[in-house]
Amino acid sequence: MVIVMQKNAEEAKVEHVVAELSRRGFDVHRSTGADQTVLGVVGDVTTLDPREFELLDGVQEVVRISEPYKLSSRTFRPQNTIVNVNGCSIGGKDVIVMAGPCTIENESQLFETARAVARAGAKVLRGGAYKPRTSPYAFQGMGIEGLKLLRAAGKEFGLATVSEVMEISQIEPMLEYVDILQIGARNMQNFNLLAAVGQVRKPVLLKRGMSATIQEWLLASEYIMAGGNRDVILCERGIRTFETSTRNTLDISAIPVIHKLSHLPIIADPSHASGRRDKVMPLARASVAAGADGLLIEVHNDPDKALCDGPQSLYPDQFVELMDELRIIVPAVRRTLP
Ligand code: PEP
Ligand code: MN
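> Give me the domain arrangement of the protein chain: which residues, what numbers.
Looking at the protein chain, the domain boundaries give domain 1 (2-63) and domain 2 (83-332). Look at where the C-alpha atoms of domain 1 and domain 2 centre, and you get two points 44 Å apart.

Next up, the structure:
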């Protein structure tokens, strides 16, 4: 962190800032120019709130030069984290596609969808059993019975499983049915839940909150990693902007930005980002071209009858088409589609 003093700030004001920093255990490197002093702060500044110093007399600006997150930053770990799930490597050369319905509805719906996505090349089966629905009157998910179906369908078609966990008490019972625990956008800053999944040894798919900055998102991942769980996969699922043509706005730039700031894998969810199936394929193509380590796609065997998110769910034959397109795009960006 660097503190820039105002031009011609009195010596007493500079000394007061230096004393305050020393009192908190920081080393201060002072650089005095013709009319301006700059203070370099050395030590663990992650817990320092820059505003406390901005308010001190004579201070012009406080600039953070190191990230407030540590375990998730590329400075801390330069090489990519590769998350291994059921023989798939997420964050390596492979682009991993996760697909399935928004919510698990019944056995035939899930098995038909699972069969279709497995045949087309998906490696992970998605399906919500606990659903964070905006309306309390909407279908809330099948709970543990749904998770049993998810595991059975995954076994039958050779797919790993991912499903959303909404609260701490659900973690333990979910462990035997899911290979990846998903934290939804609405829970990205549920810090108790983040800390609790940090205690388990199972990969976590951390969705970006719909109004979260990249820094807040990486700090959320830090909560999980601080508990000792280093297998975090980030998922860009669109953020709220002023634009209303799509359900959310897919922040494609987040993909290269995350790759630069963090060693964690990042996948994209064009289904929740766009909210419409006619936009899912172009956004999926763009995400992979921008460097996404995988995709999360909603597919339903009969989207017109889906209990949740039907309009953004691909028909099985559209998913086949998307996978065919990925077979061209993925090698073009020097990746592989397993
Ligand atoms: C989902 O994946 O089903 C979901 C609810 O996503 P999000 O948390 O991104 O809205
Ligand atoms: Mn959904």
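> If you had to explain the packing of aromatic side chains to someone new, which residues and values would you point to?
Scanning the model with the defined rule gives two aromatic pairs in all. Seen in terms of ring centroids, Phe111 and Phe157 are 6.1 Å apart; in terms of plane orientation they differ by 65 degrees. Their pairing is edge-to-face. Here Phe111 is found in helix 3 (residues 107-120), whereas its partner Phe157 is found in helix 4 (residues 144-157), with 46 residues between them in sequence. Judged by centre distance (4.6 Å) and plane angle (25 degrees), the rings of Phe191 and Tyr223 are stacked. One end of the pair, Phe191, is in helix 6 (residues 191-198); the other, Tyr223, is in helix 7 (residues 214-226), with 32 residues separating them in the sequence. On the basis of relative accessible area, Phe191 is assigned to the partly exposed category, the value being 33%.

> Could you give an account of unusual backbone geometry, naming the residues involved and the relevant values?
Positive phi outside glycine occurs at Asn86, with the angle close to 50 degrees. Inspection of the secondary structure puts Asn86 in the loop between strand 5 (83-85) and strand 6 (88-90). One non-glycine residue, Arg334, lies in the positive phi region at around 60 degrees. When you line up the elements, Arg334 lands in the segment after helix 11 (316-332).

> Describe in detail helix 1 (residues 11-23), supporting the description with residues and values.
For helix 1, with 13 residues, the first-to-last C-alpha span of 18 Å sits near the 18 Å given by 1.5 Å per residue. For helix 1, every residue scored as buried is listed here: Val14, Val17, Glu20 and Leu21. With its buried residues spanning 125 degrees around the axis, helix 1 presents them on a single face. Turned more than 90 degrees away from the buried face of helix 1 sit Ala12 and Arg23, all of them exposed.

> Residue-level account of the nonpolar core, with values.
Generally speaking, a soluble globular protein has its nonpolar side chains buried in company with each other. Within the largest apolar cluster, 66 residues are counted, with the highest numbers of intra-cluster contacts made by Leu206, Trp217, Leu234, Ile297 and Phe319. With near-sequence residues (within four places) excluded, Leu206 lies in contact with Ile183, Met188, Leu194, Trp217, Ala220, Ser221, Ile224, Val232, Ile233, Leu234 and Cys235.

Procedures and definitions
- Residues numbered from 1 in each chain as written.
- Chains lettered and ligands numbered in written order.
- Predicted model: local features only at pLDDT ≥ 70, side-chain atom pairs only at ≥ 80, totals over all residues.
- Heavy atoms only, no water.
- Domains from an automatic or database assignment.
- Phe/Tyr/Trp six-rings, centres within 6.5 Å; stacked < 30°, edge-to-face > 60°.
- Helix = DSSP H or I, 4+ residues; strand = E, 2+ residues; numbered from the N terminus.
- Buried < 20%, exposed > 50% of the residue type's maximum accessible area, 1.4 Å probe, protein only.
- Expected span 1.5 Å × (residues − 1).
- Arc of directions from axis to C-beta.
- Core = buried A, V, L, I, M, F, W, Y, C linked by side-chain atoms within 4.5 Å.
- Contact = heavy atoms within 4.5 Å.

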